Amino acid sequence: MGAEDGSKTTLTLGAGVEVPTLGLGLYKAPPGERSRRAVAWALAAGYRHIDTASLYDNEADVRVAIEQSGLRRDEVFIATKVWKDDMGYDRTLRACERSLEELGTDHIDLYLVHWPVPESRDDTWRALQTLAGDGRARAIGVCNYTVGHLEQLLSWADVPPAVDQVELSPFLQQRTLRDYCARHGIQVEAYSPLTRKRRLKDEQLRVVAARSGLSVAQVLLRWAIQHGLVTLVKSLKREHIEEDIAALHVELAAADMDALDALDEGFRVAWDPTDVE
Ligand SMILES: NC(=O)c1ccc[n+]([C@@H]2O[C@H](COP(=O)([O-])OP(=O)(O)OC[C@H]3O[C@@H](n4cnc5c(N)ncnc54)[C@H](OP(=O)(O)O)[C@@H]3O)[C@@H](O)[C@H]2O)c1
């Protein structure tokens, strides 16, 4: 499963599918040239995992950038998500068809439920099981599921989720969820690992960055990677895209990991699913 193993550039999901550890995220990457350029720079820099969503409205740009990169479709891992408005069994199947068309592919590497909507998440999961069964999705997973949501899903699902994609940084470490997922073979994916820049000036991060010779962004990414998390980072700037992927090939000392492990304070920048039934 790769938990707590930061030495690899890919991790293997429960479904047997290999996922590149670091992915370029495209939340709020505007459709068109800016998204296309970011994906092109990322592919040129060595990223092989793109995390998009129908909500982000840039799936077509992912397609164009991959087509123009000269890489084969099977060299790039594409994750996308079914949004709240499209949930339910039939609606999800239709949403997947639209995403496949936008992405210009006959399969998605990882198809995710974007949000644990109480009324429709089970029917949505049934649709994802269908998509996994017929190969339109190589792996299926969830986002923003708490331990409670996962327990409920595991109590009836035929196919367990391969991943849970949640907000995760040294300031929001999700330890109970990580332990639960490790016990159940669910790979945790960390989103907003840079806290959307909100904590990049944190004094302790700066100390660790200075001591380790890395940028603060690299420290945050390396911390997540070294904890065995699939890590999704967004940038539209070439220099940041290149800086961020270098985090795959550095190492934080145990004392620096300990210092970051001590920063947990429940700080969130994105949606909080804690009270979702
Ligand atoms: N499933 C979900 O519900 C969900 C929710 C949120 C996010 N996500 C996924 O996770 C991805 C990442 O999360 P996020 O976009 O919320 O936040 P994030 O990756 O923590 O932060 C992104 C911000 O960091 C900046 N940045 C990137 N590299 C940098 C560097 N080396 N130095 C300084 N600044 C840097 C970027 O600006 P520049 O463009 O200026 O570099 C961007 O504004 C998303 O794009 C999305 O794919 C999923």
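These figures come from a predicted structure and were not determined experimentally.

**Quick word on the overall build of the chain**
Within the chain, the secondary structure is distributed over ten helices and ten strands. Its C-alpha atoms give the chain a radius of gyration of 18 Å, near enough to 19 Å, the size a compact globule of 277 residues would have. Among the 277 residues that make up the chain, the fraction classed as buried is 49%. Sequence separation of 24 or more characterises 73% of the internal contacts of the chain that already satisfy a separation of 6 or more.

**Describing the sheet that holds strand E5 (residues 77-82)**
Strand order in the closed barrel formed by eight strands is E3-E4-E5-E6-E7-E8-E9-E10, with parallel pairing between adjacent strands. Neighbour to neighbour, the strand axes of the sheet diverge by 30° on average, direction disregarded. By the bridge criterion, three bridges tie strand E3 (residues 22-25) to strand E10 (residues 230-233) in an arrangement that is parallel. Residue pairing across strands places glycine 23 opposite leucine 232, the latter belonging to E10.

**Quick notes on the site of the ligand**
Looking at the ligand, there are 27 residues lining it, with Gly25, Tyr27, Tyr191, Leu194 and Lys234 nearest. For the shell around the ligand, the elements supplying multiple residues, two or more each, are E10 and helix H9 (238-245). The element best represented in the shell around the ligand is H9, accounting for three residues. Classifying every residue of the shell around the ligand gives eleven nonpolar, nine polar and seven charged.

**Topic: the packing of helix H7 (residues 203-212) against helix H8 (residues 216-226)**
Running from N to C, H7 and H8 cross one another at 95°; their axes reach a closest spacing of 9 Å. With respect to H8, the element H7 is oriented roughly perpendicular. Across from Leu205, Arg206, Val208, Ala209 and Ser212 in H7, the residues of H8 making contact are Val216, Val219 and Leu220.

**Details of the pairing of E3**
Neither face of E3 is left uncovered, since the one carrying Leu22 and Leu24 and the one carrying Gly23 and Gly25 both have all their residues buried. For E3 and strand E4 (residues 49-51), the ladder comprises two bridges, and the chain directions are parallel. When the bridges of E4 are listed, leucine 24 appears paired with isoleucine 50. Once the chain exits E3 it traverses helix H1 (residues 33-45) before rejoining the sheet at E4, and the crossover so formed is right-handed.

**Remarks on the nonpolar core**
Ranked by internal contacts, the top residues of the largest apolar core, which has 78 residues, are Leu24 and Tyr111. The greatest single-element share of this core, amounting to seven residues, is contributed by H8. Leave out the neighbours within four places in its chain, and leucine 24 touches Ala38, Val39, Ala42, Tyr47, Ile50, Asp51, Val233 and Ile241.

**Notes on the packing of helix H2 (residues 59-69) against helix H3 (residues 89-103)**
Where H2 meets H3, the axes come as close as 7 Å, and the angle between the chain directions of the two elements is 35°. Residues Glu59, Ala60, Val62 and Arg63 of H2 form the contact with H3, whose own contacting residues are Ser99, Glu102 and Leu103. When grouped by side-chain class, the residues that make up the contact of H2 with H3 number three nonpolar, one polar and three charged.

**Some details on the confidence of the model for the chain**
When pLDDT is averaged along the chain, the result is 96; 97% of the residues meet or exceed 70. Across residues 1-6, confidence stays below pLDDT 50; counting only partners more than four residues off in sequence or on other chains, it has 15 contacts.

**Let's talk about unusual backbone geometry**
A positive phi is found at lysine 28, a non-glycine position, where the angle reads about 60°. Summarising the element assignment, lysine 28 is placed in the loop between E3 and H1.

**As for the environment of valine 207**
Considering the arrangement of structural elements, one finds valine 207 in helix H7. Taking the C-alpha atoms as reference, valine 207 lies 20 Å from glutamine 173; in sequence the two are 34 residues apart.

**Some details on the environment of serine 69**
Within the secondary structure, serine 69 is located in helix H2. On the basis of neighbour count, serine 69 is assigned to the partly exposed category, with 15 C-beta atoms found within 10 Å. Serine 69 sits 170 residues away from glutamate 239 along the chain, and the two C-alpha atoms are 19 Å apart. Other than its neighbours up to four places away in sequence, serine 69 contacts Ala40 and Leu43.

**Here we look at the environment of glutamate 67**
On the secondary structure map, glutamate 67 appears in helix H2. Spatially, the C-alpha atoms of glutamate 67 and glycine 104 are 9.2 Å apart, while their sequence positions differ by 37 residues.

**A short note on the pairing of strand E7 (residues 137-143)**
Put simply, side chains in a regular strand alternate between the two faces of the sheet. Counting buried positions along E7 yields seven of seven residues, so the element is predominantly enclosed. Bridge analysis of strand E6 (residues 108-113) against E7 gives five bridges, and the strand direction is parallel. Residue pairing across strands places valine 113 opposite valine 142, the latter belonging to E7. Inspection of the sheet shows E7 paired to strand E8 (residues 163-167) by two bridges, in the parallel sense. Of the residues in E8, the one forming a bridge with cysteine 143 is glutamine 165. For the handedness criterion, the β-α-β arrangement of E7, helix H5 (residues 147-154) and E8 is classed as right-handed.

Cut-offs used in this document
Residues numbered from 1 in each chain as written. Predicted model: local features only at pLDDT ≥ 70, side-chain atom pairs only at ≥ 80, totals over all residues. Helix = DSSP H or I, 4+ residues; strand = E, 2+ residues; numbered from the N terminus. Rg over C-alpha atoms; globule rule 2.2 N^0.38 Å. Buried ≥ 20, exposed ≤ 12 C-beta atoms within 10 Å, placed from the backbone. Contact = placed C-beta atoms within 7 Å. Pairing = 2+ DSSP bridges. Axes fitted to C-alpha atoms, helices over the stretch in contact; angles between N-to-C directions. Near = placed C-beta within 6 Å. Nonpolar A, V, L, I, M, F, W, Y, C, P; charged D, E, K, R; others polar. Parallel < 35°, antiparallel > 145°, perpendicular 65-115°, else oblique. Right-handed = clockwise from strand over helix to strand, strands pointing away. Core = buried A, V, L, I, M, F, W, Y, C linked by C-beta atoms within 7 Å. pLDDT = per-residue confidence, 0-100.

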